[in-house]
Amino acid sequence: MANRWRVPVARALLLGAMLCAGLGVTAQPAAALSLNPLDYYSYDYYIVLSHTEVEPGESFSVTASASVRCTKDLPFGVRKADVRFKVLARNSSPGDELTLLERYDFTVDNVPDWAGDEFSTTETVDLAFPAGTTPGTYAISARLEYLSLDGWNVTSMVPSSARTMGLGSIVLALPDETPLPPPTPQPGILIVSVLGHEFRPAIDADGFLLDDLNASLIEGLLSVEAQEGTRCLDASGSPLTHISASRELSPRAHEGGAVISAFSLRPDGARFSPSLRIGITYDVDELPPDCDEDDLVIGYYDRADGKWRELPSTLDASHKVVSADVSHFTVFGLLAPTPVPGPARFTVRNLEVSPAQVAPFGRVNVAITIANTGDTADGYPLVVSVDGQAEHSETVNLQPRQSRTVRLTVVRSQPGVYQVKVENLTGSFAVVAPDGTLPTTQPPAQNPTTPPANPDTTPPSGESSGGLHPVYVVLLVIAGLAFLTLIVLVLAGAL
């Protein structure tokens, strides 16, 4: 397994060696200064995160794919290289940084340098946030810790700005069942927050409402109503100080049919006498094919039994609202009973490709939104192709009425116009040569492999007659190190 990886790693390191040679590190600076790495190598790569959001304890994966081709015999090479990386996550708000992969050390021997050598592969590495990690948005990156070529420590020759390579971002979120911290109690006031809207009916020391609570059709989705004199107590029997209602984005599946929409009413276990009345709206177009409006009911999710329990409900067909009386708080949903849940129905709602033009090795962001409008959880076989060749494929598992956006970053080394396609949706981007032009004929598509390479780069304004343009040098350093990052991630999970 280890030997299989030495070829692509060596090629990436060879680029670094050539660049370092251009900076006066190797024994052949004159020869290196006259070389342009793109005259000898072409390579494409990508990274895609399996999730855009995870809960504490939930693992996620980084899929790394790379293709390298030696296009011309090199006049010299590198015999041995030693590399060390670590994978980090930084919280975008407080700026806290934590380590997901502490370190990986490996050695590369016998660097190949013959035209026609080619290597491509795809691997997936599983990662997870350590226990107790603060929820928030985290930027995932790989950092070069050490690099030596033929015994020379050239780590300092790599610009500090290029030693950390961004791989994407992921949100660490609290699960739906975890309540938000309650607001500070206010004497004589029941603080009610429904889908971001706040109400403040008066309540006495024994928990009896002194005003009507009328939160009707908030955001056109949910209503919560209670009459003056309703007693509101929490799970311990104390007068209630707050109420919150939020939408459940991924409700539990219903064995007897479909869950049209669901809402979490908290605090969990709160009791009301007489009952509160809740209403949930619906869209006829979102109902299962064989479902009659008269069959719609409101139910609550029984966590102990893992099942939905139906409640006596009232239909207002003119306003498309189903209502029910509830005497306690938990997760409530609008249920569409069917003899057998309908199949999953997937639609690709959106394909975004940006920017439209980049320099060689510039990052192109691709976002695909998939929705399951059916009644059964299932997996959608996502295939993203570039110029007719499969670039990335994965199974996107979706619950009924759930949608998800898959993001990846595509990188191409060769100038040309590339078409991105997912089912019947298409987009394109152009890779512009250093002189700002496209080739007269588009080069043949390379083996599938591409994204989160690294920072977007601008085309160099030109090259001096004596060697590489400084901007081009930086561009190639970043690209080479980004490719190394892919290999390190794969090695960490494969060896």
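For the structure itself, consult the block above.
Residues numbered from 1 in each chain as written. Predicted model: local features only at pLDDT ≥ 70, side-chain atom pairs only at ≥ 80, totals over all residues. Heavy atoms only, no water.

**Details of the overall build of the protein chain**
- When helices and strands are tallied, the protein chain shows three helices and 30 strands.
- Split into buried and exposed, the 495 residues of the protein chain put 48% on the buried side.
- For the protein chain, restricting intrachain contacts to residue pairs at least 6 apart in sequence, the fraction spanning at least 24 positions comes to 72%.
- About 21,900 Å² of surface is accessible on the protein chain, with carbon and sulfur atoms providing 49% of the total. (Helix = DSSP H or I, 4+ residues; strand = E, 2+ residues; numbered from the N terminus. Buried < 20%, exposed > 50% of the residue type's maximum accessible area, 1.4 Å probe, protein only. Contact = heavy atoms within 4.5 Å. Areas by Shrake-Rupley, 256 points an atom, 1.4 Å probe, with all protein chains shown as cover.)

**So, the pairing of strand E9 (residues 164-172)**
- Relative to E9, strand E2 (residues 53-54) runs parallel, the two sharing two bridges. Paired with valine 54 across the bridge in E9 is leucine 172.
- Pairing between strand E7 (residues 136-149) and E9: eight bridges, direction antiparallel. Bridge assignment links threonine 137 to a residue of E9, and that residue is valine 171. (Pairing = 2+ DSSP bridges.)

**So, the sheet that holds strand E16 (residues 257-266)**
- Strand order in this open sheet of seven strands is E11-E10-E15-E16-E22-E18-E19, and the pairing throughout is mixed. A strand with exactly one partner marks an edge of an open sheet, and here the two such strands are strand E11 (197-199) and strand E19 (307-310). Each adjacent strand pair in this sheet contributes to an overall mean axis angle of 25°, direction not counted.
- In terms of strand pairing, strand E18 (residues 297-302) meets E19 through four bridges, oriented antiparallel. Across the sheet, tyrosine 300 pairs through a bridge with arginine 309, a residue of E19. (Axes fitted to C-alpha atoms, helices over the stretch in contact; angles between N-to-C directions.)

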